[in-house]
Amino acid sequence: MPGQRFVGRVYLFKSIKMKLTKYLLCLPLLLVFSVKSLCQDKNDFVWILGYEPSNQNSFFGGDFIDFKSGDPQINFFNINYDMDNPICMSDSTGNLQFYSSGCNVINKQNNTMENGGELSPGYYQNYYCNTNSLGYLSYQGILSLPFPGHPNEYVLFHNRRFPQIDSIDVMFTKINMNLNNGLGAVTEKNIVLQKGLLSRTYTAVRHGNGRDWWVVVPTQASDLYYFYLLDPNGLHGPIAQQVSDSWIPGQYYNLMCTFSPDGSKFVRLGGDHPSAFRMYDFDRCSGTLSNGTSVSIPDTVVYAAWACFSPNSRYLYLTNEVERLYQYDTDAPDISASAQLIDVYDGFLSVYGLPTGLHTMAMGPDKRIYMSSANGVNILHTIHNPDERGAACNFKQHDIVMPAHSKFFLPNNPHYRLYNMPGSPCDSLGVTPPTVAFWRMEQEASQGPLERTFVDLSYFQPASWHWNFGDGVISSEASPQHTFPAPGNYEVCLTVCGASGICDTLCKDIEIITVGTDIPVTAGQLPVRVYPNPAHQKFWVSYDVKEKGAEFLLFNAMGQEVKRKSLGQGSMVEEIDAQGFPNGLYFWSIDLDGKRLASGKVILER
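Computed from a predicted structure; not experimentally measured.

**Student:** Break down the state of the cysteines for me, citing the residues and quoting the values.
**Tutor:** As enumerated under the stated definition, the model contains 4 disulfides in all. Linked covalently through their sulfurs, Cys103 and Cys129 form a disulfide whose S-S length is 1.9 Å. Residues Cys103 and Cys129 are joined by a disulfide whose S-S torsion is about -75°; by sign, that bridge is left-handed. With Cys103 in the loop between strand 6 (96-100) and strand 7 (105-107) and Cys129 in helix 2 (residues 123-131), this pair connects stretches of sequence that are 26 residues apart. Judged by its relative accessible area of 0%, Cys103 falls in the buried class. At a sulfur-sulfur separation of 2.0 Å, the disulfide partner of Cys497 is Cys503. Measuring handedness by torsion sign, the sulfur bridge of Cys497 and Cys503 sits at about 105° and is right-handed. Here Cys497 and Cys503 have matching classes, each one buried. Looking at the unpaired Cys393, the closest cysteine sulfur is the one in Cys308, lying at 12 Å.

Spelled out as structure tokens, the structure:
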């Protein structure tokens, strides 16, 4: 390919080639530039959610969510604390380093890191962490960042609350993962940075130089913000910034805040009346907010609200009252008027009859937006195409069933794959963003048995794409659809190149399995959802059976029964363990007293 400076070729599950390629990909940057960005920036590739005590049979324990393959792979994980306000830090290649619920710093062997206990000491630490193992009671109140210029070192921002008073302490802790053979140690802890009537919501964004970090701490019921700058010399600040004379009149609560993925916008949500939130422009060079605008919400009150930007930074999604999901077009002349109601909570109940209302959101490395519930349930909702307007964003309620309940919040991550601002006054460090190939494959409901959609997840700002589907067909589209000639195994490769000429390649071995026959689902059958489909080691069945005695039956392609499971009564979700079953097409049915209530098909592939 003409103009290429370097092409790295990465194969999943071939670790030696993978490590060598990553080393080679970074090497030219070391030779040419005095400062280089991280080669992968996959610090958010592992999420840990869940409730203690760990008991998978009762849906308690941890959910280990890994995005390395492009799709979230979810497995059960033993935890010792409720992950109420989780932070999860992976290294630059996506391997878990440590995690925390605000009580202790836990290493990758699930033990308290050396000197990692007793974060934010005081009443709340004693009551919530030491006495009840609940996780530190906070609200987007803990944040972890890589320490610029210090490989494998990290910092924590966290807060200490006090009973019966609104004042909090903003605290700072340092972690060095180079110690204890990679298990790490906390080297500085619980350093008080600020005291006062401050919000318990922290977030951060990369500086326009592509290396450092801006951290923002709002104040309560005020348009006053404090910024900290984290660079290789340490922490600088707080730097006070009074954007306007008043906060939204009538609002007192501080719910959350977030930057857009491109760092150009900042949103902060309060609570109560009137029903509105505030949006600002942000300058990543100077660290300043400007043009604060109050945006109305088409409700009468702001309650349990959350906001999340789309990957392209254009659309803002907002949940409110655990019932409704809105989409705003931040490019519209009138942002308030652009609000569209995407969906309303459909009343679905998880195990134990718990509601699964719409609550907090976070964007995954796969460029989907995931949404938790306001109850501790084992359900996640998903916005599959958040860069699309209106209903095309493809929002699916109770889309993912996890092996264990999660609590209310998803990990508080900045946008790691945001780098320098080329041509800006602060782009002076010679940082060259990496070009990293990353993709996932999916099959949409409308597609034929041999057709698949390939979704590009590559970064930073690829300028060209070259797909090779392993069957003699190529494509230069970013996210193409492709029909394979026949079932079988194929090596699919994507090569992406940035404007600078740096390229990277990711290849995966995939298996295409087709459906030969089907069991017809007749009108009036019980509404049942079987997912994911295709499935891997297990899948889940959601249903609503009013009578006792129903059973789930699974048959192989020869019509032989291979699985039978009794189903509970009511609106339920059941896990079906398919470990050890051969790949292929299976048929399922739900029967009650000899009557078939529903039937369908599921594909097992690994």
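**Student:** Give me the packing of aromatic side chains: which residues, what numbers.
**Tutor:** Applying the stated criterion to the full structure yields 40 aromatic pairs. Aromatic side chains Phe77 and Tyr99 sit 5.9 Å apart centroid to centroid with 65° between the ring planes, which places their arrangement in the edge-to-face category. A residue pair is termed long-range when its members are at least 10 positions apart, and Phe77 in strand 4 (residues 73-77) and Tyr99 in strand 6 qualify at 22 residues. By the burial criterion, Phe77 is buried, and Tyr99 matches it.

**Student:** Hey, could you go over the pattern of salt bridges for me, with residue numbers and the actual values?
**Tutor:** Inspection of the entire model under this criterion finds 23 salt bridges. A salt bridge links Asp71 to Arg368; the shortest N-O distance between them is 3.0 Å. With a gap of 297 residues between them, Asp71 in the loop between strand 3 (60-66) and strand 4 and Arg368 in the loop between strand 24 (361-363) and strand 25 (369-371) connect regions that are remote in the sequence. Here Arg368 falls in the buried class, since its relative accessible area comes to 6%. One network of salt bridges, with partners in common, ties together Asp71, Asp366, Arg368, Arg440 and Glu442.

**Student:** Account for the sheet that holds strand 36 (residues 538-545), naming residues and giving values.
**Tutor:** The strand order 35-36-39 describes an open sheet built from 3 strands, whose pairing is antiparallel. Whereas interior strands pair on both sides, the edge strands pair on one side only; in this sheet they are strand 35 (529-531) and strand 39 (570-577). Neighbour-to-neighbour, the strand axes of this sheet turn through a mean angle of 15°, independent of strand direction. Bridging between strand 35 and strand 36 involves 3 bridges; their strand directions are antiparallel. Within strand 36, the residue paired with Tyr531 across the bridge is Trp540.

**Student:** Which residues make up the nonpolar core, and what values do they have?
**Tutor:** Counting 33 residues, the largest nonpolar core has Leu269, Phe277, Leu325, Tyr328 and Met361 as its most contacted members. Among the elements of the structure, strand 16 (254-259), strand 17 (265-270), strand 18 (276-283), strand 20 (306-309), strand 21 (315-320), strand 22 (324-329) and strand 25 are those that each provide at least two residues to this core. With sequence-adjacent residues up to four places away left out, Leu269 is seen in contact with Tyr253, Asn254, Leu255, Met256, Phe277, Ala305, Trp306, Ala307 and Leu318. Counting residues in hydrophobic clusters, the runner-up holds 31 residues, among them Met89, Ile142, Met177 and Leu224.

**Student:** Before we move on, could you go through unusual backbone geometry and cite the residues and values that matter?
**Tutor:** Residues Glu52 and Pro53 are joined by a peptide bond in cis, for which omega reads 0°. Here Pro53 lies in strand 2 (residues 46-55). Following Gly237, the chain continues into Pro238 via a peptide bond in cis, with omega recorded as 10°. With respect to the helices and strands, Pro238 occurs in strand 15 (residues 234-242). Within the chain, Ser313 stands out as a residue other than glycine whose phi angle is a positive 70°. Along the polypeptide, Ser313 turns up in the loop between strand 20 and strand 21. Even without being a glycine, Gln461 presents a positive backbone phi close to 45°.

**Student:** Please give an account of the confidence of the model for the protein that cites residues and values.
**Tutor:** The predicted model of the protein has a mean per-residue pLDDT of 87, with 91% of residues at 70 or higher. Within the model, the stretch residues 1-38 combines pLDDT values under 50 with 71 contacts to residues more than four positions away or in other chains. Within the model, pLDDT remains below 50 along residues 515-524, and this stretch shows 17 contacts once partners closer than five positions in the same chain are excluded.

**Student:** Can you explain the environment of Tyr139? Please cite residues and give values.
**Tutor:** By the secondary structure assignment, Tyr139 is in the loop between helix 2 and strand 8 (142-146). With a relative accessible area of 16%, Tyr139 lands in the buried category. Through-space distance from the C-alpha of Tyr139 to that of Val205 is 19 Å; in sequence the pair is 66 residues apart. Each residue touching Tyr139, except ones within four places of it in the same chain, is listed here: Asn85, Arg200, Thr201, Asn254, Leu255, Ala305, Trp306, His359 and Phe409.

**Student:** If you had to explain the sheet that holds strand 12 (residues 203-206) to someone new, which residues and values would you point to?
**Tutor:** One open sheet holds the 4 strands; their spatial order is 12-13-14-15, and the pairing between them is antiparallel. The open sheet has two free edges, formed respectively by strand 12 and strand 15, since each of these has just one partner strand. Shown here is a sheet whose adjacent strand axes are inclined to one another by a mean of 25°, direction ignored. When strand 12 meets strand 13 (residues 213-218), the two strands line up antiparallel, connected through 4 bridges. Residue Arg206 lies in a different strand from strand 13, and its bridge partner there is Trp213.

**Student:** Any chance you could break down the environment of Ser542 for me, citing the residues and the numbers?
**Tutor:** Looking at where Ser542 falls in the secondary structure, it is placed in strand 36. By relative accessible area, which is 6% here, Ser542 ends up buried. Aside from chain neighbours lying at most four places away, what touches Ser542 is Phe348, Pro527, Val528, Arg529, Tyr531, Met572 and Val573.

Cut-offs applied
- Residues numbered from 1 in each chain as written.
- Predicted model: local features only at pLDDT ≥ 70, side-chain atom pairs only at ≥ 80, totals over all residues.
- Heavy atoms only, no water.
- Disulfide = S-S within 2.5 Å.
- Helix = DSSP H or I, 4+ residues; strand = E, 2+ residues; numbered from the N terminus.
- Buried < 20%, exposed > 50% of the residue type's maximum accessible area, 1.4 Å probe, protein only.
- Phe/Tyr/Trp six-rings, centres within 6.5 Å; stacked < 30°, edge-to-face > 60°.
- Salt bridge = Lys/Arg side-chain N within 4 Å of Asp/Glu carboxyl O.
- Pairing = 2+ DSSP bridges.
- Axes fitted to C-alpha atoms, helices over the stretch in contact; angles between N-to-C directions.
- Core = buried A, V, L, I, M, F, W, Y, C linked by side-chain atoms within 4.5 Å.
- Contact = heavy atoms within 4.5 Å.
- pLDDT = per-residue confidence, 0-100.

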